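Listed below, chain by chain, are the residues.
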Amino acid sequence: MRWKNRRSSSNIEDRRGTTTRANGGPIAGGALGSILISLFRRGSGKTKLALIGGVIIACFVFKMNPLSLLGFSSGGGSRQTVQSNGRPADPRIKEYFAKLKGTNEDIWQQILPKYDIRYRPSKMVIYTTRTHTAGGIADARMGPFYMPADETIYIDPTFFDELKTRFGAKGDFAEAYVIAHEVGHHIQKILKLTDHVHNQKGRIPPIEYNQLSVRLELHADFLSGIFAHHAQEKFNFLETGDIQEAMDCAEAIGDDRIQSQAQGHIQPDLFTHGTSAQRKRWFMRGYRSGDLNDGNILFSIRYQDL
Ligand SMILES: [Zn+2]
């Protein structure tokens with residue numbers, strides 16, 4: 001995937017190094033900083049001196065900035081993000097995500113007006129472990145997701161390590177497929193498909209509603225394929241093996257594959273995203289055609305024919 005010369009999106013917020021408590025408020029620099037500050041406030045003169053000395057020694061030993069240990073900003077007035085292991089958040093990761101996001105924005109900005117649809121970009125938050133969203137707390141264990149309420153994609157970059165180690169899906173285009181799928185959910189919101197599906201909740205039997213949300217997920221895979229088609233056409237974005245990487249990823253994260261690995265059997269009623277075969281099929285359909293209207297059939301054909 002040729003991503004390095006692409007435009008970086010500015011709709012990206014890097015929250016790595018801050019975390020969010022279960023009750024809401026974000027805390028910077030970890031709980032240790034808060035404890036040290038409260039001890040400092042309550043302590044006598046000697047305690048304060050001992051604390052200052054302790055912090056300086058700890059920072060020297062662990063090669064940390066004392067202000068960042070306490071959760072304050074530092075260095076030219078900008079806020080430094082520090083991961084829990086004390087290392088600054090790797091800026092290359094943000095750059096990588098910003099370029100992938102920027103490429104998606106450029107493609108959709110070009111496609112939607114051809115269908116008389118007005119485009120607006122989504123936001124993206126990269127975080128570690130937990131962060132707040134318009135719909136509650138995002139937890140890294142949930143994997144990447146799109147929150148329609150604030151039109152934001154939330155992703156903990158360590159998911160991509162899991163993609164390689166746990167799911168065996170390797171390659172940068174496996175990652176691009178996942179990002180483009182999440183951007184696809186934003187496009188669905190613009191197309192009002194998200195509202196259409198959510199409005200059915202409680203009006204149709206739960207099994208049918210579940211099938212409808214599987215259709216929505218497969219449509220996001222289709223949109224991911226549409227992105228790949230146009231990114232190749234516009235930017236010569238793909239390298240040999242990239243589409244295979246997306247296919248291998250779709251294979252690895254299909255509901256049937258995940259269920260049989262986790263519990264040894266398959267329960268189609270509990271599918272959320274579709275089978276490996278379905279995910280591959282709809283990605284490829286988008287990739288081959290490049291035509292947005294070609295995905296409409298997903299909402300009209302019989303469920304067993306998906
Ligand atoms: Zn999805």
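Further up the page is the structure itself.
Keep in mind the model is a prediction, meaning the values are calculated, not measured.

### Description of the sheet that holds strand S1 (residues 12-14)
The four strands are arranged S1-S4-S8-S7 in an open sheet whose pairing can be described as mixed. Only two strands of the sheet have a single neighbouring strand rather than two, namely S1 and strand S7 (145-147). Ignoring which end each strand starts from, the neighbouring axes of this sheet average 25° apart. Both S1 and strand S4 (residues 123-126) contribute to a ladder of three bridges, which runs parallel. What sits directly across from Asp14, in S4, is Ile126. On top of the sheet, helix H6 (residues 172-190) reaches S4, S7 and strand S8 (152-155); it is set at about 25° to S7, its chief contact.

### A short note on the coordination of the zinc ion
Protein-derived ligands of the zinc ion are His181 (NE2), His185 (NE2) and Glu217 (OE), with the metal-ligand distances lying across 2.0 to 2.1 Å. Every donor residue of the zinc ion comes from the same chain, spaced as H-x3-H-x31-E. With a gap of 32 residues between them, His185 in helix H6 and Glu217 in helix H8 (residues 206-235) connect regions that are remote in the sequence.

### Quick word on the side chain of His185
Among the residues examined, His185 registers a relative accessible area of 10% and is labelled buried. A polar contact is formed between the side chain of His185 and the side chain of Gln188, at a distance of 2.8 Å. Each residue touching His185, except ones within four places of it in the same chain, is listed here: Tyr146, Thr194, Leu216, Glu217 and Ala220.

### What to know about the pairing of S8
The two faces of S8 match: Thr152 and Tyr154 on one face and Ile153 and Ile155 on the other face are all buried. Pairing between S4 and S8: four bridges, direction parallel. Looking across to S8, one finds that Ile126 is bridged to Ile155. Across three bridges, the pairing between S7 and S8 is antiparallel. Note on S8: the bridge partner recorded for Met147 is Thr152. Hairpin geometry of S7 and S8 is characterised by an intervening segment of four residues between the two adjacent antiparallel strands and by a positive phi of about 50° at Glu151.

### Focus on the packing of aromatic side chains
Scanning all chains against the criterion turns up eight aromatic pairs. Taking the centre distance of 5.5 Å and the plane angle of 25° together, the rings of Phe145 and Tyr154 count as stacked. Here the aromatic rings of Tyr177 and Phe283 are separated by 5.5 Å at their centres, their planes lie at 90°, and the arrangement is edge-to-face. In this pair, Tyr177 is assigned in helix H6 and Phe283 in helix H11 (residues 276-289), connecting sequence segments 106 residues apart. Of the aromatic side chains, those joined through ring pairs into one cluster are Trp3, Tyr96, Phe97, Phe159 and Phe160. Over the ring of Phe235 we find Arg6, and its NZ or CZ is 3.9 Å from the ring centre.

### Focus on the pattern of salt bridges
This model, assessed by the stated rule, comprises 16 salt bridges. Put simply, Asp14 and Arg16 hold a salt bridge, and the shortest N to O gap is 2.8 Å. With a relative accessible area of 1%, Arg16 lands in the buried category. One salt bridge in this structure joins Lys101 and Glu105, with 2.7 Å as the shortest N-O distance. Of the two residues, Lys101 and Glu105 are both situated in helix H4 (residues 91-111); the distance of four residues between them amounts to about one turn of the helix. Comparing Lys101 with Glu105, the two get one shared label, buried. Linked by salt bridges that have partners in common, Arg7, Lys101, Glu105 and Asp106 make up one network.

Procedures and definitions
- Starting from 1, residues in each chain are numbered consecutively following that chain's sequence as written.
- Under the rules for a predicted model, residues below a pLDDT of 70 receive no local features and side-chain atom pairs below 80 are neither given nor counted, while totals for whole chains, interfaces and linings still include all residues.
- Side-chain measures here rest on the full set of heavy atoms in the structure, leaving out hydrogens and waters.
- Only strands joined by at least two bridges in the DSSP assignment are considered to pair.
- Each helix is a run of DSSP H or I of at least 4 residues and each strand a run of E of at least 2, with the numbering of both proceeding from the N terminus.
- With axes taken as lines fitted to C-alpha atoms, and helix axes fitted only over the stretch in contact, angles between N-to-C directions fall between 0 and 180 degrees.
- Whether two residues touch is decided by their heavy atoms; if any such pair falls within 4.5 Å, the residues are in contact.
- Note on donors: an N, O or S atom is included if it sits within 2.8 Å of the metal, or within 3.2 Å for Na, K and Ca, and water is never included, so sites can look incomplete.
- Exposure classes here rest on a 1.4 Å probe applied to the protein chains alone. A residue is buried below 20% of its type maximum, exposed above 50%, and partly exposed in between.
- Polar contact is defined as a pair of N or O atoms within 3.5 Å, subject to the rule that within protein one atom must be able to donate a hydrogen and the other to accept it, and that residues adjacent in sequence are counted only when both atoms are side-chain atoms.
- Pairing of aromatic rings covers Phe, Tyr and the six-membered ring of Trp, with a centre-to-centre limit of 6.5 Å; geometry is then stacked below 30 degrees between planes, edge-to-face above 60, and tilted otherwise.
- Charge over a ring is defined by NZ of Lys or CZ of Arg lying within 6 Å of the ring centre and within 35 degrees of the ring normal.
- Each reported salt bridge corresponds to a side-chain nitrogen of Lys or Arg within 4 Å of a carboxyl oxygen of Asp or Glu.

Read these as spatial facts, not as claims about activity.
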